[in-house]
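Now for the letters of each chain:
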Amino acid sequence: MTEPLLRVTGLRKAFGAVVATDGLHLDVMPGEVHALIGPNGAGKTTLVAQLAGEIAPDDGRIDFAGADITRLSMHARTRRGLARSFQITSLFPRFTALENVALAVQARAGHAFRFWRPAWRDPTLLEPAHAVLARLGLDLHADRPASTLSHGEQRQLEIAVALATQPRLLLLDEPMAGLGPEDSAWMVELLGELRGEVAMLLIEHDMDAVFTLADRITVLVYGRALASGTPDAIRADPEVRRAYLGDGAEAGAEAV
Ligand SMILES: Nc1ncnc2c1ncn2[C@@H]1O[C@H](COP(=O)(O)OP(=O)(O)OP(=O)(O)O)[C@@H](O)[C@H]1O
């Protein structure tokens with residue numbers, strides 16, 4: 001039987017009296033697009049932050065690619081193939097699209113900053129960086145500073161930066177947030193093209209995108225997995241429908 005790529009066991013994180021992650025169990029299989037949905041405050045972002053190594057869990061364990069990574073630094077996780085699609089603010093705004101990606105290639109390669117030879121003059125970094133940009137249709141913008149790209153292009157560049165680290169698992173925290181319909185459709189297409197090549201844990205409020213892309217969906221409520229299954233199973237699950245209907249959120253229920 002195939003082993004999960006990511007296994008979360010009994011994970012717990014509290015902020016004072018608020019238990020954001022409450023003994024959570026979750027598996028992501030290799031190549032799987034696994035969506036995590038749930039109402040506001042369910043603990044989705046807190047989970048991603050623990051997976052990425054930004055915050056330490058109080059209890060529980062995270063295994064990735066057969067090793068316990070619970071206490072590893074963010075950098076060590078990146079080198080093992082776990083990448084988070086960072087928020088726009090973590091792009092270097094004055095650096096070009098190509099330079100941003102080249103720096104990510106360098107981070108994966110693990111070499112220290114080579115000040116005498118900047119990343120953007122090093123062909124061993126620039127060639128793979130160009131390839132990633134071309135893959136995402138951003139090659140025309142390679143020499144533009146990140147700050148001059150449109151919002152949608154910046155979101156794509158974030159994905160490019162994450163892909164440049166050659167991840168086995170991509171953590172995507174609301175990749176469609178703030179995108180118009182055209183850019184959203186393009187992002188769904190892009191993520192669809194990556195399917196099978198890289199596993200994805202997708203947090204997204206856009207239910208059309210979730211149900212189009214996901215192989216499996218886990219519904220998080222109060223830091224716990226309420227249900228986990230195929231999109232069809234989740235759509236039909238009465239408990240899930242009730243959780244979304246609870247506050248009269250008809251639109252949400254319809255979307256599910
Ligand atoms: N740094 C923090 N300090 C205190 N409480 C926090 C902190 N981060 C998150 N929380 C609380 O933990 C709970 C889970 O928050 P989290 O942001 O993980 O939920 P979410 O599912 O990502 O929500 P959303 O969909 O609104 O982004 C919420 O009650 C939130 O107020």
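Source: prediction; values computed, not measured.

K.L.:
How should I be thinking about the overall build of the protein chain in this particular structure?
P.N.:
Along the protein chain, the regular secondary structure elements total 10 helices and 10 strands. For the protein chain, buried positions account for 49% of its 256 residues. Considering only contacts in the protein chain between residues 6 or more positions apart, those separated by 24 or more positions represent 63%.

K.L.:
Whenever I open this one, the sheet that holds strand S8 (residues 199-203) confuses me. Can you help?
P.N.:
Hydrogen bonds along the backbone pair up the strands of a sheet, which may run parallel or antiparallel. Spatial strand order, S6-S7-S8-S3-S9-S10: six strands in an open sheet with mixed pairing. Strands with a single pairing partner mark the edges of an open sheet, and in this sheet they are strand S6 (82-84) and strand S10 (224-229). Averaged over all pairs of adjacent strands, the angle between strand axes in this sheet comes to 20 degrees, irrespective of strand direction. Two elements, strand S3 (residues 33-37) and strand S9 (residues 216-221), share four bridges in a ladder whose sense is parallel. Bridge pairing in S9 places isoleucine 37 opposite valine 219. Against the sheet, helix H5 (residues 151-163) contacts S6 and strand S7 (169-173), and its axis sits at roughly 155 degrees relative to S7.

K.L.:
Looking at this structure, how should I read the domain arrangement of the protein chain?
P.N.:
How big an interface is tends to be stated in terms of the accessible area lost upon association of its parts. Per the domain assignment, the segments of the protein chain are domain 1 (1-81 + 167-255) and domain 2 (90-165). Each partner contributes to the interface: domain 1 provides 23 residues, whereas domain 2 provides 13 residues. Approximately 1,400 Å² of surface area, both sides summed, lies buried where domain 1 meets domain 2, with 62% of it carried by carbon and sulfur atoms. Remark: the boundary between domain 1 and domain 2 carries one salt bridge. A salt bridge links arginine 135 to glutamate 197; the shortest N-O distance between them is 2.8 Å.

K.L.:
For this particular structure, what's the right way to read unusual backbone geometry?
P.N.:
For glutamine 166, which is not glycine, the phi dihedral falls at a positive 50 degrees. Residue placement: glutamine 166 occurs in the loop between H5 and S7. You will see that tyrosine 222, though not glycine, has its phi angle at about 50 degrees, which is positive. Its location among the elements puts tyrosine 222 in the loop between S9 and S10. On the basis of relative accessibility, which here comes to 67%, the residue tyrosine 222 falls in the exposed class.

K.L.:
Before we go on, may I ask you to explain the sheet that holds strand S5 (residues 67-68) in this structure?
P.N.:
Here we have four strands laid out as an open sheet, ordered S2-S1-S4-S5, and antiparallel in their pairing. This sheet does not close on itself; its edge strands, each paired only once, are strand S2 (18-28) and S5. Here strand S4 (residues 59-64) runs beside S5; their pairing, made up of two bridges, is antiparallel. Across the sheet, aspartate 63 pairs through a bridge with aspartate 68, a residue of S5. Running at roughly 120 degrees to strand S1 (residues 6-15), helix H1 (residues 44-52) makes contact with S1, S2 and S4 of the sheet.

K.L.:
Could you clarify how one ought to interpret the nonpolar core in this entry?
P.N.:
What tends to happen in soluble globular proteins is that the nonpolar side chains get buried as a cluster. Counting residues in hydrophobic clusters, the biggest one holds 52 residues, and the most contacted among them are Val101, Leu133, Leu157, Ile159, Leu170, Leu191 and Ile217. Domain assignment of the residues forming this core places at least three in each of domain 1 (1-81 + 167-255) and domain 2 (90-165). Residues contacting leucine 133, with those up to four places away along its chain left out, are Ala97, Leu98, Val101, Leu138, Asp139, Ala142, Leu157 and Ala160. Ala42, Ile62, Leu82 and Ala199 belong to the second-largest nonpolar core, a separate cluster that totals 23 residues.

K.L.:
Looking at this structure, I do not really get the site of the ligand. What am I missing?
P.N.:
Close to the ligand lie Phe15, Val18, Ala20, Pro39, Asn40, Gly41, Ala42, Gly43, Lys44, Thr45, Thr46 and His205, which account for all nearby residues. At 2.9 Å from an oxygen atom of the ligand is found a main-chain nitrogen or oxygen belonging to glycine 43. Here an oxygen atom of the ligand and a side-chain polar atom of lysine 44 are 2.8 Å apart. Elements that contribute at least two residues to the shell around the ligand include exactly S2 and H1. Ranked by residues supplied to the shell around the ligand, first place goes to H1 with three residues. For the shell around the ligand, the per-class residue count stands at five nonpolar, six polar and one charged.

Calculation rules
- Residues numbered from 1 in each chain as written.
- Predicted model: local features only at pLDDT ≥ 70, side-chain atom pairs only at ≥ 80, totals over all residues.
- Heavy atoms only, no water.
- Helix = DSSP H or I, 4+ residues; strand = E, 2+ residues; numbered from the N terminus.
- Buried < 20%, exposed > 50% of the residue type's maximum accessible area, 1.4 Å probe, protein only.
- Contact = heavy atoms within 4.5 Å.
- Pairing = 2+ DSSP bridges.
- Axes fitted to C-alpha atoms, helices over the stretch in contact; angles between N-to-C directions.
- Domains from an automatic or database assignment.
- Buried area = accessible area lost by both parts, 1.4 Å probe.
- Salt bridge = Lys/Arg side-chain N within 4 Å of Asp/Glu carboxyl O.
- Core = buried A, V, L, I, M, F, W, Y, C linked by side-chain atoms within 4.5 Å.
- Near = heavy atom within 4 Å.
- Polar contact = N/O pair within 3.5 Å; in protein donor to acceptor, adjacent residues only side chain to side chain.
- Nonpolar A, V, L, I, M, F, W, Y, C, P; charged D, E, K, R; others polar.

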